[in-house]
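Single-letter residue listing:
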Amino acid sequence: MYEDAQTFLEKALKLGPNLIEAHYELGRAYWFSGDRARAQQTWEDGFKTNKFNPWGKKCQETLALVQQGQEPPRT
């Protein structure tokens, strides 16, 4: 199901690149499907898009978490 989520979220970001929550969820879809480098880049992009948005902050927190060797939350 991660591939389906990736397709949907990539389309959502093409239509609305400021949908920060989509960056966060797309990063999780990449991570849990095994593409960890792309997940980290997606979270970084989400944070850079709007670092003051709660979802931008969540992207940054998740990125820091995985860089410490931990797993992102499943929910």
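For the structure, check the block above.
The written sequence of each chain sets the order in which its residues are numbered from 1. Given that the model is predicted, a residue must reach a pLDDT of at least 70 before its local features are reported, and side-chain atom pairs must reach 80 or more before they are shown or counted; all residues, however, enter totals for whole chains, interfaces and linings. Side-chain numbers here rest on the full set of heavy atoms in the structure, without hydrogens or water.

Draft legend 1. Local environment of the overall build of the protein. Comment: elements are numbered from the N terminus, with helices defined as DSSP H or I runs of at least four residues and strands as E runs of at least two. What the protein contains, in helices and strands, is four helices and zero strands. Element order for the protein, N to C, with α for helix and β for strand: α-α-α-α. Radius of gyration means the value over C-alpha atoms here, while the globule rule gives 2.2 Å times the residue count to the 0.38 power. A compact globule built from 75 residues should have a C-alpha radius of gyration of about 11 Å, and the protein, at 11 Å, falls within 12% of that. The principal-axis extents of the C-alpha atoms in the protein amount to approximately 35 × 30 × 20 Å.

Draft legend 2. Spatial organisation of the pattern of salt bridges. Put simply, a salt bridge is a Lys or Arg side-chain nitrogen that is within 4 Å of an Asp or Glu carboxyl oxygen. Counted under the stated rule, the structure contains four salt bridges. With a shortest N-O distance of 3.6 Å, E10 and R38 are connected by a salt bridge. Within this pair, whereas E10 is found in helix α1 (residues 2-15), its partner R38 is found in helix α3 (residues 36-49), the two being separated by 28 residues in sequence. The salt bridge involving E25 is made with R28; its shortest N-O contact spans 3.0 Å. Of this pair, E25 and R28 are both found in helix α2 (residues 20-32), three residues apart, which corresponds to roughly one turn of the helix. Each residue is assigned to one of three classes by its accessible area relative to the maximum for its type, calculated with a 1.4 Å probe on protein chains only: buried under 20%, partly exposed between the two thresholds, exposed over 50%. The exposure class of R28 is buried, given its relative accessible area of 12%.

Draft legend 3. Structural detail: the environment of Y2. Residue position: Y2 is located in helix α1. Exposure remark for Y2: the relative accessible area of 35% places this residue in the partly exposed category. Residues Y2 and P54, spaced 52 residues apart in sequence, show a C-alpha to C-alpha distance of 24 Å. Residue contacts are defined here by distance: any two heavy atoms, one from each residue, within 4.5 Å place the two residues in contact. Every residue in contact with Y2, bar those within four places of it in the chain, is listed here: A29, F32, S33 and R74. For this analysis, a polar contact is any N or O atom pair within 3.5 Å, provided that within protein one partner can donate a hydrogen and the other can accept it, and provided that sequence-adjacent residues contribute only side-chain to side-chain pairs. In this structure the side chain of Y2 is engaged in a polar contact, spanning 3.1 Å, whose partner is the side chain of R74.

Draft legend 4. Focus on the packing of α3 against helix α4 (residues 54-67). Their axes nearest at 7 Å, the elements α3 and α4 cross at an angle of 145 degrees. Of the two possible hands of crossing, α3 and α4 adopt the one that is left-handed. The segment α3 lies against α4, with Q40, W43, E44, G46 and F47 engaging G56, C59, Q60, T62, L63, V66 and Q67. Any residue that is not Ala, Val, Leu, Ile, Met, Phe, Trp, Tyr, Cys, Pro, Asp, Glu, Lys or Arg is counted as polar, Gly included; the first ten are nonpolar and the last four charged. Of the residues in the contact of α3 with α4, the class split is five nonpolar, six polar and one charged. To get an axis, fit a line to the C-alpha atoms, keeping to the stretch in contact for a helix; angles then go from 0 to 180 degrees between the N-to-C directions. Here a crossing is taken to be left-handed if its near helix is turned anticlockwise relative to the far helix by less than a right angle, and right-handed if that turn runs clockwise.

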